[in-house]
Amino acid sequence: MLQRAATRVREQHRGPRALVGALSAQRGGRIAPHSSHRNGRDADVGLFLLDVEGAPVEADRFVEIGGDGCGDDRGTRYCLDAERTFALLAAMLEDPTARVQWFLIAEDVRSRILEAGRHSGASEELVLRLATATEPHGGSAQHRDHVHLRIYCAADDRPGC
C-alpha cells in the first residue's frame, strides 16, 4: 500500500519521494521505543516538505512542524507541503487492497492538510473520509513530524492480530 500510494503521488505531483520510518520487526514483536508497530499494521510516514521558497524538498529525516506550518532541522527551514501530504494520505485511503483504520497526526498539522485537500479540488467525500480517519486519538498530539498509519487487521488474521 505504501508503495502504491507513493507512486500515485509521484505521478500526480512533482517532488521528492515519500519517507517511511518504523514499520515492524521482521517477525513481529516490540521495537523500541514504539508501543505499537508489532505486527505489520503500523507505519510512520513522513510529511512532505517545502523549502522556504515553496519548492518541494526532501529532508533526510522527519522534521517537526510548528504552529506556523514550518520547522527547522540542523539549520535548514522546512515547511509542510500540505497538498502533497493530503494526496499521499488520500491515496492510502483509496488503496484497493489495504484498509486504513486511522492516522495519528497533530491537530494543527491535520487542519492544514485537510484545508489543502479542500483547495485541491478533491471531492468533499474524500476530504470527509480523511477528516474522519485523522480524528484525534491518544498520541495524535505527538505526531508533528510524521503520520502514524494503522491498517485494519485482515479478516484471515483474526483473532491473532
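Residues numbered from 1 in each chain as written. Predicted model: local features only at pLDDT ≥ 70, side-chain atom pairs only at ≥ 80, totals over all residues. Heavy atoms only, no water.

A. Layout of the sheet that holds strand E3 (residues 56–57). In space, the four strands of this open sheet follow the order E3-E2-E5-E4, with antiparallel pairing throughout. The sheet is open, and its two edges are formed by E3 and strand E4 (70–73), each paired on a single side. (Pairing = 2+ DSSP bridges. Helix = DSSP H or I, 4+ residues; strand = E, 2+ residues; numbered from the N terminus.)

B. Local environment of the packing of aromatic side chains. Following the criterion strictly, the structure yields zero aromatic pairs and no others. For the cation-ring pair, Arg84 lies above Phe48, with the distance from its terminal atom to the ring centre recorded as 3.8 Å. Above the face of the Tyr152 ring, Arg99 is positioned so that its terminal group lies 4.5 Å from the ring centre. (Phe/Tyr/Trp six-rings, centres within 6.5 Å; stacked < 30°, edge-to-face > 60°. Lys NZ or Arg CZ within 6 Å of the ring centre and 35° of its normal.)

C. Region of interest: the packing of helix H1 (residues 2–12) against helix H2 (residues 82–93). At a closest axis distance of 8 Å, the pairing of H1 and H2 adopts a crossing angle of 140°. One element, H1, and the other, H2, form an angle in the oblique class. Crossing handedness for the pair H1 and H2: right-handed. Side by side, H1 and H2 meet where Leu2, Ala5, Ala6, Arg8 and Val9 of the first sit next to Arg84, Ala87, Leu88, Ala91 and Met92 of the second. Split into classes, the residues belonging to the contact of H1 with H2 amount to eight nonpolar, no polar and two charged. (Axes fitted to C-alpha atoms, helices over the stretch in contact; angles between N-to-C directions. Parallel < 35°, antiparallel > 145°, perpendicular 65-115°, else oblique. Left-handed = near helix turned anticlockwise from the far one by under 90°. Contact = heavy atoms within 4.5 Å. Nonpolar A, V, L, I, M, F, W, Y, C, P; charged D, E, K, R; others polar.)

D. Unusual backbone geometry, seen in detail. Phi at Arg74 takes a positive value of approximately 50°, unusual for a residue other than glycine. Structurally, Arg74 can be placed in the loop between E4 and strand E5 (76–80).

E. Structural detail: empty space enclosed by the protein. Under the counting rule described, the total for this entry stands at one cavity of 30 Å³ or more. Looking at the largest cavity, it is lined by 15 residues, and the ones nearest its centre are Leu19, Leu47, Phe48, Leu49 and Ala59. Along the lines of polarity and charge, the residues of the lining of the largest cavity split into nine nonpolar, one polar and five charged. (1 Å grid on protein atoms, 1.4 Å probe; cavity = no way out; pocket = protein on both sides within 12 Å on 5 of 7 lines; lining within 4 Å. Points joined across faces, edges and corners; volume = space filled by probe spheres on them.)

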